[in-house]
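Each chain, written out:
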Amino acid sequence: MMNLSRENWVSLLLLALLLALPYAAIKFGNPFYVTLATRMAILGLAAVGLNIALGLGGLVSFGHAAFFGIGGYVAGILASHAMSMQPLNFGLFTLPGSNQMPTIWLFAMLVGGLLAAAIGTISLRTSGVYFIMITLAFAQMTFYFAISWPAYGGEDGLSILMRNQFPGFNTMVPLNFFLICYGVLVAALILFALIKNSRFGAALQAARQNEVRVASVGIAPFRIRLVAFVLSGMIVALAGALYADLNRFVSPSMLSWHMSGEFIVLIILGGVGRLAGPVAGAMLFVMFEFLLGGLTERWQFFLGLVLLGVVLFARGGLVGLLAGRQRHG
Amino acid sequence: MQTALFIEQLLNGLQLGVMLFLMAAGLTLIFGVMGLINLAHGSLYMVGAFACATVAAYTGSFWLGLIASLAAAAAAGAIIEILVIRRLYERDHLDQVLATFALILVFSEGTRWLFGSFPLYLDIPPLLQGTVPLPGGSRYQLYRLAIIGVGVAVAVGLFLLITRTRLGMRIRAGESDREMIGALGVDIRTLYTIVFALGAALAGLAGAMVGALQSVQVGMGEPALILAFVVIVIGGIGSIRGALVGAVIVGVVDTMGRFLLPQIFGLFMNASQAGIVGGALASMLIYIVMAVVLAVRPQGLFPAAKG
Amino acid sequence: MKKFLAASVAALAISVAGVAAADPIKVGVITTLSGGGAGLGVDARDGFLLALKNAGDAAKDIEVVVEDDGQKPELAVQIADKMIQSDQVDILTGIIWSNLAMAVVPSAVAQDKFYLSVNAGPSPLAGSQCHANYFNVAYQNDNFHEAMGQYANETYKKTVIMAPNYPAGTDSLTGFKRYYKQELAGEIYTQVGQTDYAAEIAQIRASGADSLFIFLPGGMGISFMKQYAQSGVEIPVIGPGFSFSQDVLPAIGDAALGVKNSASWSQDVDNEASKKFVETFQAEYGRLPSIYAAQAYDTGSLIVSAAGKASVKDADAFRTALKAAEFESVRGKFSFNTNNHPIQDIYVREVIKDGDVLTNKIIATAFTDHGDAYAEQCALK
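Residues numbered from 1 in each chain as written. Chains lettered and ligands numbered in written order. Predicted model: local features only at pLDDT ≥ 70, side-chain atom pairs only at ≥ 80, totals over all residues.

(A) Molecular detail of the overall build of chain B. Counting its regular elements, chain B contains eleven helices and two strands. For chain B, the N- to C-terminal ordering of α and β elements is α-α-α-α-β-β-α-α-α-α-α-α-α. Here the C-alpha radius of gyration of chain B, 20 Å, is about what a compact globule of 307 residues would show, namely 19 Å. Referenced to the eigenvectors of the C-alpha coordinate spread, the extents of chain B come out at roughly 65 × 50 × 35 Å. The 307 residues of chain B split such that 59% are buried. Sequence separation of at least 24 residues holds for 76% of the intrachain contacts in chain B that already meet a minimum separation of 6. (Helix = DSSP H or I, 4+ residues; strand = E, 2+ residues; numbered from the N terminus. Rg over C-alpha atoms; globule rule 2.2 N^0.38 Å. Buried ≥ 20, exposed ≤ 12 C-beta atoms within 10 Å, placed from the backbone. Contact = placed C-beta atoms within 7 Å.)

This is the structure we're talking about:
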């Protein structure tokens with residue numbers, strides 16, 4: 001397909017490592033690591049989604065938790081209606097609940113995409129710091145909405161009693177669920193690579209580097225960015241739906257601004273704009289949280305120090321460290 | 001009685017706005033001069049509150065605590081400027097967001113390390129306890145009036161500082177042309193440290209004053225930070241005047257929304273329902289206002305000279 | 001965070017006759033040790049460990065793993081998975097918050113583990129989603145609010161009620177109204193995490209009420225009480241014990257004096273177990289225990305009592321031993337209802353100053369042998 005560069009080798013290696021982790025965990029009798037690996041895959045997926053907006057488009061969104069949470073709530077709400085056998089009532093029409101992952105994913109992406117289109121239409125009129133803050137504010141808005149809307153648990157959140165199903169798999173088996181998430185992650189990475197190398201991707205990256213020049217060749221940066229933002233929101237919403245299934249629980253904390261911050265952290269830890277950067281970042285972050293959290297209650301203090309170190313002194317992130325500097329700006 | 005209540009709520013909105021102005025002024029000043037977005041501003045607010053509570057508990061004097069809050073927040077600001085922030089001026093916003101996000105983690109967990117997990121106690125000084133009568137027969141808390149007074153004084157002071165002093169002249173020069181003032185022989189590094197410490201001190205002052213009204217605890221700065229963001233986005237980032245106007249808008253809209261929305265919904269649903277729906281809408285109201293302002297004026301109400 | 005605390009460290013090397021040589025029990029404590037709500041979790045952990053320490057030899061086979069959930073539901077779920085899959089615990093406990101309990105409890109009991117609640121008691125777990133392996137040693141969430149409703153019903157004529165706009169808040173006001181039948185002067189919902197209450201205080205001042213019921217846990221209650229005391233409004237305040245517990249009283253200061261609040265325990269409860277608990281807690285940690293510590297202490301004592309009677313490997317026998325609740329509760333009387341939630345007395349306390357220290361004193365009993373409103377919806381017998 002393509003000539004394998006050093007970066008692509010690193011990407012393949014990381015993916016192989018992630019795939020090997022749960023099998024090793026089971027072999028060495030520590031099945032909890034399967035859950036950990038699943039978490040890595042899902043957070044990695046969310047970061048791949050954000051990377052389309054942030055890495056390719058240069059759109060520093062501090063509000064992607066909104067899409068993550070919305071995806072989670074779509075999964076939770078559809079599952080709860082499937083459980084209670086009562087259709088959702090939208091006034092004009094009703095919609096039956098569902099406990100089938102493909103259906104849930106479709107709706108999560110649809111709703112996430114619509115929300116991203118609405119937020120993007122207003123936010124993308126601004127740029128730079130305004131964009132960061134306005135996306136943050138919109139995410140806060142959905143956060144407060146979720147907390148105070150009583151129908152689906154509000155602050156208490158919503159439990160999914162049985163993990164949703166996927167045709168041909170028993171999803172309650174941790175390894176099966178991991179494989180599903182891993183499959184989605186790989187699909188998203190392929191999509192990311194395709195976008196990056198497409199004409200659309202080229203225009204998006206060009207708009208990041210020089211808006212005036214793109215506009216002068218007759219491409220409207222706003223529309224390109226909006227499409228990227230919506231795509232990005234859809235993938236993050238999908239990750240949210242999977243995350244809800246992993247925890248069998250969804251709550252407003254998925255919408256909190258700390259979550260948005262964590263997504264950015266994942267990308268930076270791994271390397272901005274890199275194909276496998278988000279995956280590397282997610283693997284590093286989850287391991288870090290788990291290992292350091294096991295050593296000290298003050299782990300966030302040290303996480304902060306490590307992040308500072310990465311931002312100030314190791315700008316390429318983990319992939320940058322392994323694969324060397326990127327060739328283009 | 002209804003008019004008196006209305007006046008009282010307006011004052012409450014103004015007081016909240018003034019408090020937000022102290023936060024927002026520092027944020028917007030730092031952005032205007034150095035082009036830096038500082039998420040850790042809320043941590044400096046927390047530092048101010050903790051310093052005030054600790055010194056007040058130790059010495060028994062709120063006023064010493066207030067001085068300590070200014071000093072501690074300014075010192076913390078200067079230290080992080082020299083150690084971390086200084087390296088971020090030439091970086092893009094992404095790096096700034098991340099580095100200052102990391103600082104929040106360090107500050108929050110570090111404060112918990114030093115002070116433990118339980119909230120601290122800080123009371124209003126005896127001089128400012130009690131209430132004063134309002135026209136219409138209601139009463140208003142003296143301390144809240146004092147906060148409004150301090151806020152107005154700070155606003156005037158900042159205005160004078162920026163328009164009338166040498167430091168202000170350099171700040172204005174720094175806003176319009178960074179290389180130029182360097183060429184003119186102004187020590188730009190020191191200038192930046194001073195501006196950052198000034199912004200930090202304002203946040204610390206806000207934290208100390210609010211700390212006497214609320215609980216002094218880790219994480220107290222984050223809600224204030226996000227509101228301050230909304231304020232400067234509405235007002236126009238980099239503009240002190242915009243921060244003042246934006247702060248008053250946010251303060252009044254938020255307070256009035258919490259006060260009036262449940263009553264409005266109460267006209268056509270039962271009190272319990274109205275409270276829930278009105279409350280839910282009130283909690284989103286300022287974000288809706290912000291979206292509307294940005295839809296009309298993407299650079300805020302008072303766009304600064306440069307984005 | 002990963003503290004393996006073998007309770008046997010404290011035990012003497014003398015084997016006591018009469019104690020069954022039971023299988024070792026592994027208990028996973030998931031609680032909030034970092035973040036804004038850490039105070040409650042720290043008290044719960046300390047109370048729980050103290051119970052095991054005070055039990056001496058009887059607790060020597062109980063091994064405890066403590067982990068911090070940071071008040072995040074997804075982290076709590078992850079820790080529960082880890083404790084069940086890797087540490088292979090038999091019992092989980094420690095969660096403070098209802099939303100975290102809702103995330104962890106259903107799947108934990110579905111995996112045949114026992115869960116003992118030291119604090120949260122969300123209504124679904126007491127009613128439709130109750131489970132034989134889920135025991136609540138604290139209260140059903142509505143209980144303290146009901147008690148205050150009962151008290152207000154007898155004492156006041158026109159109460160204004162206020163709570164944050166989230167499930168625990170609406171449940172609180174529902175619980176209050178279940179027993180309060182007089183006129184309501186207003187029903188105010190505030191934002192979750194709200195820090196400034198000037199607008200609400202103005203409304204309360206204008207409401208013409210003769211009393212004010214509030215449910216504002218954690219920092220919200222501290223902020224409100226300080227602002228309320230300064231506002232010059234003199235309508236008496238009542239509320240559930242959470243906002244006036246030993247962990248927050250120092251931060252509120254004198255503003256809390258005279259507030260009536262409800263709780264199932266207070267440090268002046270007159271029984272031997274409670275006296276021993278307060279004394280040893282102060283000796284061990286140098287502060288007065290809160291209600292969270294008391295509930296967790298009872299949870300620890302309950303596990304010790306059940307372990308003396310049955311092996312945790314025999315789930316049915318152990319369940320029966322838990323349900324018997326034959327332990328010295330610091331609350332005096334304590335038994336389980338059909339839905340495995342407490343039947344207990346609930347007191348009305350008043351905040352007083354004992355020397356320099358703010359604390360609570362019992363002034364009345366709101367309910368005797370009180371259960372909860374959801375037991376009927378529970379299929380357990």
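(B) Quick look at the overall build of chain A. On a plain count of helices and strands, chain A comes out with 13 helices and four strands. Computed over its C-alpha atoms, the radius of gyration of chain A comes to 19 Å, within 12% of the 20 Å expected for a compact globule of 329 residues. Looking at the 329 residues of chain A, the share that counts as buried comes to 58%. The contacts in chain A between residues at least 6 apart in sequence include a share of 75% that link residues at least 24 apart.

(C) Structural context of the environment of A:Val265. Following the sequence through the fold, A:Val265 ends up in helix H10 (residues 257-270). Along the primary structure A:Val265 and A:Gly183 are separated by 82 residues, whereas in three dimensions their C-alpha atoms are 23 Å apart.

(D) Quick look at the pairing of strand S11 (residues 260-263) of chain C. Residue and element names in this part refer to chain C. Neither face of S11 is open: one carries Lys260 and Ser262, the other Asn261 and Ala263, and all of them are buried. Pairing of strand S10 (residues 237-240) with S11 involves three bridges; the strand directions are parallel. Bridge assignment links proline 240 to a residue of S11, and that residue is serine 262. For S11 and strand S13 (residues 342-354), the ladder comprises four bridges, and the chain directions are antiparallel. From the neighbouring strand, serine 262 faces S13, where its bridge partner is valine 348. (Pairing = 2+ DSSP bridges.)

(E) Just the UniProt feature "transmembrane region" (unreviewed entry) in chain B, in detail. Residue and element names in this part refer to chain B. The UniProt feature table records "transmembrane region" (unreviewed entry) at residues 16-37, 44-60, 66-85, 97-122, 142-162, 190-213, 225-253 and 274-296. The straight-line gap between the two end C-alpha atoms of residues 97-122 is 32 Å; of that span, 73% is helix and 0% is strand. Secondary structure across residues 225-253 divides into 86% helix and 0% strand, with the first and last C-alpha atoms of the span separated by 17 Å. (UniProt positions renumbered as here; feature names shortened; annotations may be inferred.)

(F) Up close: helix H7 (residues 199-209) of chain A. Residue and element names in this part refer to chain A. Along H7, the residues that are buried comprise Ala203, Leu204, Ala207 and Arg208. Angular distribution of buried residues about the axis of H7 spans 140°; they occupy a single face of the element. Opposite the buried face of H7, by more than 90 degrees, sit the exposed residues Arg199 and Gln209. Buried positions along H7 lie against helix H2 (32-56), helix H8 (211-216) and helix H9 (221-247). (Arc of directions from axis to C-beta.)

(G) Main features of the interface of chain A and chain B. Opposite the 36 residues of chain A that make contact, chain B presents 35 residues. Elements represented by at least two residues in the side of chain A that touches chain B include exactly helix H5 (128-148), H10 and helix H12 (299-313) of chain A. Residues of the side of chain A that touches chain B, tallied by class, amount to 27 nonpolar, seven polar and two charged. (Nonpolar A, V, L, I, M, F, W, Y, C, P; charged D, E, K, R; others polar.)

(H) Spatial organisation of the nonpolar core. If you look at the biggest cluster of nonpolar residues, it comprises 379 residues, and the most contacted ones within it are A:Leu45, A:Leu238, B:Val230 and B:Val233. Residue assignment places this core across two domains, with domain 1 (3-139 + 268-336) and domain 2 (143-263 + 346-376) of chain C each supplying three or more. In this view, A:Leu45 contacts A:Val184, A:Leu185, A:Ala188, A:Ile235, A:Leu238, A:Ala239 and A:Leu242; residues no more than four positions away in its chain are not counted. (Core = buried A, V, L, I, M, F, W, Y, C linked by C-beta atoms within 7 Å. Domains from an automatic or database assignment.)

(I) Fine view of the interface of chain C and chain B. At the interface, 34 residues of chain C touch 40 residues of chain B. Elements that contribute at least two residues to the side of chain C that touches chain B include exactly helix H1 (38-55), strand S8 (183-190), helix H7 (198-207), helix H8 (219-231) and helix H9 (249-252) of chain C. By residue number, the principal contributor to the side of chain C that touches chain B is H8(C), which donates seven residues. Within the side of chain C that touches chain B, the residues separate by chemical class into twelve nonpolar, 17 polar and five charged.

(J) Seen up close, the environment of C:Ile214. By the secondary structure assignment, C:Ile214 is in strand S9 (residues 211-214). Those residues within four positions of C:Ile214 in sequence are excluded, and the remaining contacts are C:Met162, C:Phe224, C:Val237, C:Gly239 and C:Ser243.

(K) Structural context of the packing of H2(A) against helix H6 (residues 174-197) of chain A. Residues and elements named next belong to chain A. In the contact formed by H2 and H6, the axes pass within 9 Å of each other and the chain directions differ by 20°. On the basis of their axis angle, the class for H2 and H6 is roughly parallel. The crossing of H2 and H6 is left-handed. Considered class by class, the residues forming the contact of H2 with H6 number 20 nonpolar, five polar and one charged. (Axes fitted to C-alpha atoms, helices over the stretch in contact; angles between N-to-C directions. Parallel < 35°, antiparallel > 145°, perpendicular 65-115°, else oblique. Left-handed = near helix turned anticlockwise from the far one by under 90°.)

(L) Spotlight on the packing of helix H9 (residues 221-235) of chain B against helix H10 (residues 240-266) of chain B. Residue and element names in this part refer to chain B. Closest axis-to-axis distance for the H9/H10 pair is 7 Å, and the angle between their directions is 120°. Comparing their axes, H10 and H9 come out oblique. For H9 against H10, the interelement crossing comes out right-handed. Residues Leu227, Val230, Val231, Ile232, Ile234 and Gly235 of H9 lie in contact with H10, whose contacting residues are Gly242, Ala243, Val245, Gly246, Ala247, Ile249 and Val250. In terms of residue class, the contact of H9 with H10 is built from ten nonpolar, three polar and no charged.

(M) Examining unusual backbone geometry more closely. One non-glycine residue, A:Arg248, lies in the positive phi region at around 50°. With respect to the element layout, A:Arg248 can be found in the loop between H9 and strand S4 (249-250). Of the residues examined, A:Arg248 has 22 C-beta atoms within 10 Å and is grouped as buried. Even without being a glycine, C:Ala325 presents a positive backbone phi close to 50°. Relative to the helices and strands, C:Ala325 is located in the loop between helix H12 (315-324) and strand S12 (335-336). Looking at C:Ala325, the number of C-beta atoms within 10 Å reads 20, which means it is buried.

(N) Looking closely at the pairing of S8(C). Residue and element names in this part refer to chain C. Counting buried positions over the eight residues of S8 gives six, a clear majority of the element. Relative to S8, strand S7 (residues 158-164) runs parallel, the two being bridged by seven bridges. Directly across from lysine 158, in S8, lies its bridge partner glutamate 183. Assessed by its sense of winding, the connection that carries the chain from S7 through helix H6 (residues 167-179) to S8 is right-handed. (Right-handed = clockwise from strand over helix to strand, strands pointing away.)

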